[in-house]
Amino acid sequence: MSKGLAVSIERKKFIVNGDSLEVFSGIRFEIGPSEFAVLLGPSGCGKTTLLRLILGLDNDYEGTIELDGRLISGPGLDRGIVFQEPRLIPWMSVQDNIAFALPHFKSTGGNDDDQVSHLITLTGLSGFENAWPNQLSGGMSQRVAIARALVNVPNLLLMDEPLGALDSHTRMRLQRELARIHDQESITTLMVTHDVDEAVFLGDKIIVLTDRVAEISKVFAVDLSKPRDRVGRAFVQLRSQVLAVLNE
Amino acid sequence: MTCARRAASARAGWRIPLQRYSLSVIVPFLLLLLWEAAVRTDFFPSTLLAAPSEVVVKFVERTADLSLFKHALVSVRRITIGFALGTSLGIFFGVLVGASRFATRLVEPTILSLIPIPGIAWIPLLIIVFGIGEVSKISLIMISGFSTLFIPTAYGIRTADKNLVEVALVLGKSQISTLRYILLPSAVPSILSGMRVTMVAAWTLMISAEIVASSEGLGWFVWDARRFSRPDDMIVGMISLGILGKSTDYLLVRLERYLTRYRQTYRDITDV
């Protein structure tokens, strides 16, 4: 039984106005245990579609996706997801939003268990437990979404451009936080982004996709120590290599 | 007016509430004065219309001898039972139809073809079936409550944010949990504005029912006073109805503000 995520998709099609449109063909990659993988590709190349397949929201494809040796056939708590928008439940406090992911969630309180408070501390939300989502900034909201995705201690954390809607300052700060969280929790992670800087800063492995029909154009193994120096020579060099592949 | 100016004037209003309220009092005061004068000068004969001063005296009298309370209690009881039953049924079927395609196919066409029948048109049928007792009045209010709440509830459920439903799906929540934590709370604002409309309709229908067939309740009190040329009693009854109607609406507004306290809306910056 192999650990980690193994994706092998022969073909995925969409039917658009009666015509079949091929999204990807021959996408194969693996993510090892505790590895932070980044999926990088031009906008519209099918990154989000790929995440939906791994989440089990869409089973209509040719191929297999296995997590820790088990075939994925539907949504499950072994995978946590952070969407591009925080998607917090407006009528639940920060604490309840995180606890909502637990299978035994109760609306009547009693959700302040150890795991929830651990994540509140981990994601830097202490003091905001009882705030309403609309009182939070974009960055804070996304922290709650990350905590919610981690509360069940998933085998795989999926993130769909989680920092895409944030200003550049908050984004860089949350990138550092994500690196720290991954370092502390060592959960296998797959993050989708179109930001090369982000990919090189966070990824142990960078998978670059081509424009549609999407294929993998190159996989970079990132051999830089963390925390990474964004202006260091190796960083800048790798960054321009990735950019070159992306622009091919 | 722009938002900023509106907010500024609201702030000024808080600082000098006296000026704000004294301004609002002018028009009613003038109207009352005109009315008093019209009766005193026999412009309106006192057998047809009572002067405000007489009404005040009568109001105190009717409160003291408890007859106002007696009739108010009868009416409030009818409203409460009818409203509770009607809104519960409306919300129940609205949720069912909003959440399930099977329920939609099964009952929605029937419900939608009954809703357009105005409440008042039900009165004769209800009297034939249930007689002139409490049941016919309560079921009239119930039918109207059901009709008014069904559509906003089903709409509130159907227009819940797809992204949030997807979150529940990804988290493996059951249909019951999704309903309880996502769909139903999404429908709360439209359910509560539906309840306010229902309450207004409930008072109107109850008064109509009390006029047609009753020997107690505020509607009967007003109509009886008119029949026996007691214009002071008639207006006392009307004022009581106004106060009670305003009270029930106020309760619903408080409830709505409490249940939707998680959000910031236009009214939070405008003080409307």
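Computed from a predicted structure; not experimentally measured.

## Some points on the overall build of chain A
Okay, so step 1: Helix and strand counts for chain A stand at seven helices and ten strands.
Okay, so step 2: The C-alpha radius of gyration of chain A comes to 18 Å, within 12% of the 18 Å expected for a compact globule of 248 residues.
Okay, so step 3: Seen through its principal axes, chain A has C-alpha atoms that stretch 50 × 45 × 40 Å.
Okay, so step 4: Considering chain A as a whole, with its 248 residues, one finds that 53% of them fall into the buried category.
Okay, so step 5: Element-wise, carbon and sulfur atoms account for 48% of the exposed surface of chain A, whose accessible area totals about 10,900 Å².
Okay, so step 6: Taken together, the 25 basic and 32 acidic charged side chains of chain A have centroids lying 2 Å from each other.

## Observations regarding the side chain of Lys 173 of chain B
Okay, so step 1: Inspection of the secondary structure assignment puts Lys 173 of chain B in the loop between α8 (162-170) and α9 (175-212).
Okay, so step 2: Reaching out from Lys 173 of chain B, the side chain makes a polar contact with the backbone oxygen of Phe 100 of chain A at a distance of 2.6 Å.
Okay, so step 3: For Lys 173 of chain B, the residues in contact, after removing those within four places along its chain, are Phe 100, Ala 101, Leu 102, Pro 103 and Phe 105 of chain A together with Ala 168 and Thr 178 of chain B.

## Points about the sheet that holds strand β1 (residues 5-16) of chain A
All names here are of chain A.
Okay, so step 1: Strand order in this open sheet of four strands is β2-β1-β4-β5, and the pairing throughout is antiparallel. Pairing within the sheet leaves two strands with one partner each, and these edge strands are β2 (19-31) and β5 (70-71).
Okay, so step 2: Sheet topology note: the β1/strand β4 (residues 62-67) ladder contains six bridges and is antiparallel. Following the sheet pairing, Ile 9 is matched in β4 by Gly 63.
Okay, so step 3: Packing of helix α1 (residues 47-55) onto the sheet brings it into contact with β1, β2 and β4, and relative to β1 it is tilted by some 115°.

## Topic: the packing of aromatic side chains
Here the distance between the centres and the angle between the planes together describe a pair of aromatic rings.
Okay, so step 1: Applying the stated rule across the entire model yields nine aromatic pairs over all chains.
Okay, so step 2: For the pair Phe 43 of chain B and Phe 44 of chain B, a centre-to-centre distance of 5.5 Å together with 75° between the ring planes defines the contact as edge-to-face.
Okay, so step 3: Counting every residue linked through ring pairs, the aromatic cluster contains Phe 92, Phe 93, Phe 146 and Phe 150 of chain B.
Okay, so step 4: In this structure, Arg 230 of chain A is placed above the aromatic ring of Phe 201 of chain A, and the distance from its NZ or CZ to the ring centre is 3.9 Å.
Okay, so step 5: Across the ring face of Phe 100 of chain A, the terminal group of Lys 173 of chain B is positioned such that the distance to the ring centre comes to 4.7 Å.

## Regarding a nonpolar patch on the surface
Okay, so step 1: Together, Leu 23, Val 25, Ile 26, Val 27, Phe 29, Leu 30, Leu 31 and Leu 33 of chain B line one region of the surface with nonpolar side chains, adding up to about 810 Å² of accessible area.
Okay, so step 2: For Leu 30 of chain B, the location among the structural elements is in helix α2 (residues 17-40).

## Overview of unusual backbone geometry
Residues and elements named next belong to chain A.
Okay, so step 1: Residue Pro 227 follows Lys 226 across a cis peptide bond; omega there is -5°.
Okay, so step 2: Located in the positive-phi region is Val 153, a residue other than glycine, with phi close to 45°.
Okay, so step 3: With respect to the helices and strands, Val 153 occurs in the loop between α4 (138-150) and β7 (156-160).
Okay, so step 4: Judged by its relative accessible area of 52%, Val 153 falls in the exposed class.
Okay, so step 5: The phi angle at Glu 161 is positive, at roughly 45°, despite the residue not being glycine.
Okay, so step 6: Tracing the chain through its elements places Glu 161 in the loop between β7 and α5 (168-185).

## Quick look at the confidence of the model for chain B
Residues and elements named next belong to chain B.
Okay, so step 1: Taken as a whole, chain B shows an average pLDDT of 90; of its residues, 92% reach a score of 70 or greater.
Okay, so step 2: Taken element by element, chain B is modelled with least confidence in helix α1 (residues 3-15), mean pLDDT 50, and with most confidence in helix α4 (residues 67-99), mean pLDDT 96.
Okay, so step 3: Per the prediction output, this complex has pTM 0.85; the corresponding ipTM is 0.87.

## Quick look at the pairing of β7 of chain A
All names here are of chain A.
Okay, so step 1: The buried fraction of β7 is high, at five of five residues.
Okay, so step 2: Both faces of β7 are covered, namely the face carrying Leu 156, Leu 158 and Asp 160 and the face carrying Leu 157 and Met 159.
Okay, so step 3: Two strands pair when backbone bridges link them, and strand β6 (residues 79-82) and β7 are joined in this way by four bridges, in the parallel orientation. Directly across from Ile 81, in β7, lies its bridge partner Leu 158.
Okay, so step 4: The β-α-β motif built from β7, the intervening α5 and the parallel element strand β8 (residues 188-193) has right-handed crossover chirality.

## As for the layout of surface pockets
Okay, so step 1: For the largest pocket, the calculated volume is near 550 Å³.
Okay, so step 2: Trp 91 of chain A together with Arg 180, Pro 185, Val 188 and Leu 259 of chain B are, among the 19 residues lining the largest pocket, the residues nearest its centre.
Okay, so step 3: At the level of elements, α9 and α11 (231-259) of chain B are the ones that each hand at least two residues to the lining of the largest pocket.
Okay, so step 4: No other element matches α9 of chain B, which puts seven residues into the lining of the largest pocket.
Okay, so step 5: Among the residues making up the lining of the largest pocket, the classes are represented as 14 nonpolar, two polar and three charged.

Reading guide: rules and limits
- Residues numbered from 1 in each chain as written.
- Chains lettered and ligands numbered in written order.
- Predicted model: local features only at pLDDT ≥ 70, side-chain atom pairs only at ≥ 80, totals over all residues.
- Heavy atoms only, no water.
- Helix = DSSP H or I, 4+ residues; strand = E, 2+ residues; numbered from the N terminus.
- Rg over C-alpha atoms; globule rule 2.2 N^0.38 Å.
- Buried < 20%, exposed > 50% of the residue type's maximum accessible area, 1.4 Å probe, protein only.
- Areas by Shrake-Rupley, 256 points an atom, 1.4 Å probe, with all protein chains shown as cover.
- Lys, Arg positive; Asp, Glu negative; His and termini not counted.
- Charge placed at Lys NZ, Arg CZ, Asp CG, Glu CD.
- Polar contact = N/O pair within 3.5 Å; in protein donor to acceptor, adjacent residues only side chain to side chain.
- Contact = heavy atoms within 4.5 Å.
- Pairing = 2+ DSSP bridges.
- Axes fitted to C-alpha atoms, helices over the stretch in contact; angles between N-to-C directions.
- Phe/Tyr/Trp six-rings, centres within 6.5 Å; stacked < 30°, edge-to-face > 60°.
- Lys NZ or Arg CZ within 6 Å of the ring centre and 35° of its normal.
- Patch = residues over 30% accessible without salt bridge, like charges linked within 9 Å, V, L, I, M, F, W, Y side chains within 5 Å.
- Salt bridge = Lys/Arg side-chain N within 4 Å of Asp/Glu carboxyl O.
- pLDDT = per-residue confidence, 0-100.
- Right-handed = clockwise from strand over helix to strand, strands pointing away.
- 1 Å grid on protein atoms, 1.4 Å probe; cavity = no way out; pocket = protein on both sides within 12 Å on 5 of 7 lines; lining within 4 Å.
- Points joined across faces, edges and corners; volume = space filled by probe spheres on them.
- Nonpolar A, V, L, I, M, F, W, Y, C, P; charged D, E, K, R; others polar.

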